[in-house]
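# Tertiary structure, described
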Amino acid sequence: MLWRYMAGAAGARTGDDMSGPALLVVGLAVSGSPAVAGWLLAGLTVSASVGGPVLGVLLDRSRRPGRLLAWCLAGYSGGLMLILGLLGRAPDGLVIALAVLAGLLGPALSGGWTAQIPLAVPAGLLSRATALDSISYNVAALLGPALAGLVATLGGGSWPVIVAAALIAASLPIALTLPARHGDGTSAAGGPSIAAELAAGMRAITGSVPLRRATATSMVSMAGIAMLVVCTPLLGERLAGGAGHGTLLLAVTAATALAANAVLARLAPAVRPTGGWWPDGALVWATALLGAGIGLTALADGVALAVAGAAIAGVGEGPQLTALFTVRHRDAPARLRSQIFTTGASLKITSFAAGSAVAGPLAGYSVPLALLAGAGLQAVAVLVYWGLSPRRSRTGEISAPRADGTAR
């Protein structure tokens, strides 16, 4: 079941990571307007911050979450094809609105899949499955944009969207085979309202020290990662004479993140999510390493140093994601797990959008300054982690309470 799950998650996420660049390519090719292309991408991503929490509640309430996940995959894939069919034939505002609607289902391809791991694998394999699941994100980040560019070059502007939609749709049968939930779900009839469940999910995140600090740390860190992403094309132009060379730095980061997570997956049987250095402490050192890598790219005066910085950033980014997922699997209440994962995904998407918005003007003024700001945000993320950690008294007792009021 694990490898079937991995195949579905990797395919869906690769299609998702293709869809953004694909819409940029086809939007520009059909409309001739960079503004329309940018709004299509913005509509597809920003609306995920709204759809994630609600989608998580519905997954948690479903006895067969795989079926709901399959419907979301079908809706997202179909939405991409509908956008492709109407672009240039319908008003731009309508097509952008369709991108917003499709984007509401986006968290199904990230947190919605990840939340189903405990249903798909035995408890003893959860650590290894979590590391492998993180690898699927790295694979998607590596292959998605590259496939979009390759398909656009070979087949034209429309084909990247078609291939992205096909990859997502191909994962639909695997989603349908995910196991049913036994006794964890809350039936829609007679159970708490969706609003009450949303409130319960937010209380679970804010009331648990590990969940609260992991969520806040990852949000601040993601804003810094956005600055690296925005700056890489400009860095490529400055150091190598072409924006395309800069985007290869992101491939280096994704590759080293994948390699780091592969090592974690190998070590997973010896790693237990009990606190201490793993997974909680790993969030700190991985975030610090990510910041060091981004900082090195800011100081780079040649391609070799920029590649080294991108590689170091990936070694931090991969374990950071695995550690984040491990904390959520360990501390999320079973009945709220999907909501916590999709809400976390939505919050990170929002942070990425905010970081991108700041990075654009800052990079226009100075690329190294923007990269240093991204590295600085990783330092802020480490401080946020420590600021939200419980304090030890002189007697060695931990003063911060648990969510249920007892001492940690």
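Quick caveat, the model's predicted, so the values are computed rather than measured. (Residues numbered from 1 in each chain as written. Predicted model: local features only at pLDDT ≥ 70, side-chain atom pairs only at ≥ 80, totals over all residues. Heavy atoms only, no water.)

## Thoughts on the overall build of the chain
Threshold: Starting at the N terminus, helices and strands are each numbered in turn, a helix being any DSSP run of H or I of at least four residues and a strand any DSSP run of E of at least two. Taken over C-alpha atoms, the radius of gyration is set against a globule rule of 2.2 Å times the number of residues to the power 0.38. We call a residue buried when its accessible area falls under 20% of the maximum for its residue type, exposed when it is over 50%, and partly exposed in between, using a 1.4 Å probe and counting protein chains only. Accessible areas in this description were obtained via Shrake-Rupley with a 1.4 Å probe; residue shielding takes into account the shown protein chains only. Note that His is not counted, nor are the chain ends; the positive residues are Lys and Arg, and the negative ones are Asp and Glu. Charge positions are represented by NZ for Lys, CZ for Arg, CG for Asp and CD for Glu.
Counting its regular elements, the chain contains 17 helices and 0 strands. The C-alpha atoms of the chain give 21 Å as radius of gyration, which agrees with the globular expectation for 408 residues (22 Å, within 12%). By the burial criterion, 49% of the 408 residues in the chain qualify as buried. In the form shown here, the chain has an accessible surface area of approximately 16,400 Å², with 70% of it arising from carbon and sulfur atoms. Of the charged side chains in the chain, 25 are positive and 14 negative, and the gap between their average positions amounts to 8 Å.

## Let's talk about helix α16 (residues 337–365)
What counts here: One fewer than the residue count of a helix, multiplied by 1.5 Å, yields its expected span. Bend, in this description, refers to the angle at a residue between axes fitted to the seven residues ending there and the seven starting there.
Here α16 is 29 residues long and its end C-alpha atoms lie 42 Å apart, about the 42 Å a rise of 1.5 Å per residue gives. Of all the bends found along α16, the most pronounced is centred on A359 and spans about 30°, while P361, a proline, follows it within four residues.

## Concerning a nonpolar patch on the surface
Rule in force here: A residue counts toward a patch only above 30% relative accessible area and without a salt bridge, and it is joined to like-charged neighbours within 9 Å or, for Val, Leu, Ile, Met, Phe, Trp and Tyr, to nonpolar neighbours within 5 Å. Salt bridge, as used here, is a side-chain nitrogen of Lys or Arg placed within 4 Å of a carboxyl oxygen of Asp or Glu.
There is a patch of nonpolar side chains on the surface, built from V54, L58 and I194 and spanning about 190 Å² of accessible area. Looking at the element boundaries, I194 is found in helix α11 (residues 194–207).

## A few points about the packing of helix α12 (residues 209–240) against helix α15 (residues 303–331)
Quick reminder of the rule: Axis lines are fitted through C-alpha atoms, for helices just across the contact stretch, and the angle between N-to-C directions can take any value from 0 to 180 degrees. What sets the label is the angle itself: under 35 degrees gives roughly parallel, over 145 gives roughly antiparallel, 65 to 115 gives roughly perpendicular, and the rest give oblique. Less than a right angle of anticlockwise turn of the near helix away from the far helix marks a crossing as left-handed, whereas a clockwise turn marks it as right-handed. Every residue pair with non-hydrogen atoms within 4.5 Å of one another is taken to be in contact. Side-chain classes are defined by residue name, with Ala, Val, Leu, Ile, Met, Phe, Trp, Tyr, Cys and Pro counting as nonpolar, Asp, Glu, Lys and Arg as charged, and the others, Gly among them, as polar.
At a minimum axis separation of 11 Å, α12 and α15 run at an interaxial angle of 160°. One finds that α12 runs roughly antiparallel with respect to α15. Considering how the two elements wind past one another, α12 and α15 form a crossing that is left-handed. Facing α12, whose interface residues are P210, L211, A214, S218, S221, I225, L235, L239 and A240, α15 presents V303, A306, E317, Q320, L324, V327, R328, R330 and D331. Of the residues assigned to the contact of α12 with α15, the class counts are 11 nonpolar, 3 polar and 4 charged.

## Comments concerning the side chain of K348
Along the polypeptide, K348 turns up in helix α16. In contact with K348, not counting residues within four places along its chain, are S218, M222, L321 and L324.

## Quick notes on the pattern of salt bridges
By the definition in use, this model includes 5 salt bridges. The partner of R213 in a salt bridge is D280, with the nearest N and O atoms 3.2 Å apart. Residue R213 is found in helix α12, and its partner D280 is found in helix α14 (residues 280–299); the two are separated by 67 residues along the sequence. Residue R213 is classed as buried on the basis of its relative accessible area, which comes to 10%. With a relative accessible area of 4%, D280 lands in the buried category.

## Description of the environment of A306
The residue A306 is located in helix α15 in this model. Exposure remark for A306: the relative accessible area of 2% places this residue in the buried category. Sequence separation between A306 and G246 is 60 residues, and the spatial gap between their C-alpha atoms is 9.2 Å. Contacts of A306, omitting those with residues within four sequence positions, involve L235, L239, L249, T297 and A300.

## Some thoughts on the environment of R63
Relative to the elements of secondary structure, R63 occurs in the loop between α3 (48–61) and α4 (65–86). Overall, the relative accessible area of 44% leaves R63 in the partly exposed class. Spatially, the C-alpha atom of R63 lies 9.2 Å from that of P179, the residues being 116 residues apart in sequence.

## A word on the nonpolar core
Our working definition: Each nonpolar core is a collection of buried residues, namely Ala, Val, Leu, Ile, Met, Phe, Trp, Tyr and Cys, held together in the definition by side-chain atoms within 4.5 Å.
Counting residues in hydrophobic clusters, the biggest one holds 66 residues, and the most contacted among them are L40, L80 and W113. No other element matches the 9 residues that helix α1 (residues 2–31) contributes to this core. Residues in contact with W113, not counting those within four places in the same chain, are Y5, G8, A9, A12, R13, L69, L73, A108, S171, I174, A175 and L178. Residues I225, L228, L249 and L290 belong to the second largest nonpolar core, which totals 18 residues.

## A look at the packing of aromatic side chains
Note the threshold: Geometry of aromatic contacts follows a simple scheme: Phe, Tyr and Trp rings, the Trp one being its six-membered ring, pair when their centres are within 6.5 Å, and the pair is stacked under 30 degrees between planes, edge-to-face over 60, tilted otherwise.
With the rule as written, the count across this model stands at 4 aromatic pairs. Ring geometry for Y5 against W113: centres 5.5 Å apart, planes inclined by 70°, an arrangement best described as edge-to-face. Of this pair, Y5 sits in helix α1 while W113 sits in helix α6 (residues 111–114); the two residues are 108 residues apart in sequence, bridging distant segments of the chain. Per residue, the accessibility class of Y5 equals that of W113, and both read buried. Where F325 meets F341, the ring centres are 5.9 Å apart and the plane angle is 55°; that geometry is what we call tilted.

## Overview of α4
The terminal C-alpha atoms of α4 lie 31 Å apart, and with 22 residues this matches the ideal 32 Å at 1.5 Å per residue to within 8%. Those residues of α4 that sit buried are P65, G66, L69, A70, C72, L73, Y76, S77, G79, L80, I83 and L84. G88 sits one or two residues past α4 and shows a positive phi near 85°.

Honestly, that's just the spatial picture; any functional story needs more than this.
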